[in-house]
Amino acid sequence: MLDSGALMEGFSFKPTTPKDSITLFNDVPYFKYHQSSAPRKKLPRRAMMVLDDTRKEHVMKMFQRALQEAAKNFNSGF
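For the structure given in this document, a descriptive report is provided here. (Residues numbered from 1 in each chain as written. Predicted model: local features only at pLDDT ≥ 70, side-chain atom pairs only at ≥ 80, totals over all residues. Heavy atoms only, no water.)

## Brief notes about the overall build of the protein
Of the regular secondary structure elements, the protein holds three helices and two strands. Listing each helix as α and each strand as β along the protein from the N terminus yields α-β-β-α-α. With 78 residues in all, the protein has 10% of them scored as buried. Relative to all contacts within the protein whose residues are 6 or more apart in sequence, the contacts with residues 24 or more apart total 21%. Counting only carbon and sulfur atoms, one obtains 61% of the accessible surface of the protein, whose full area is about 7000 Å². (Helix = DSSP H or I, 4+ residues; strand = E, 2+ residues; numbered from the N terminus. Buried < 20%, exposed > 50% of the residue type's maximum accessible area, 1.4 Å probe, protein only. Contact = heavy atoms within 4.5 Å. Areas by Shrake-Rupley, 256 points an atom, 1.4 Å probe, with all protein chains shown as cover.)

## Let's talk about the layout of surface pockets
The gaps left among the atoms become clear once a water-sized probe is rolled over them. By volume, the second largest pocket amounts to about 280 Å³. For the second largest pocket, the lining is made up of 10 residues, of which Asp20, Ser21, Met62, Phe63 and Ala66 are closest to its centre. Sorting the residues of the lining of the second largest pocket by element identifies strand 2 (21-26) and helix 3 (53-76) as the ones contributing at least two each. Looking at the lining of the second largest pocket, the element that brings in the most residues is helix 3, giving six residues. Here the residues of the lining of the second largest pocket are counted per class, giving seven nonpolar, one polar and two charged. (1 Å grid on protein atoms, 1.4 Å probe; cavity = no way out; pocket = protein on both sides within 12 Å on 5 of 7 lines; lining within 4 Å. Points joined across faces, edges and corners; volume = space filled by probe spheres on them. Nonpolar A, V, L, I, M, F, W, Y, C, P; charged D, E, K, R; others polar.)

In short, the description is geometric, and any link to function would need to be established separately.
The following block contains the structure:
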């Protein structure tokens, strides 16, 4: 059930230094409580950053593309 959509809209990312990674985060104050696997009675668990097989595959493809591009740029310098 989606109440306000604030959790989904709260995701942001920023490149980190060195520029070979990014940080994904959610600034919504109650995000950490929904993400937690602690026992609960009132607040439902809404795990939004689960790394399932589909996401793992997507991330691996992104890394592969980035490595291929870096290798191409490196090789073109010679």
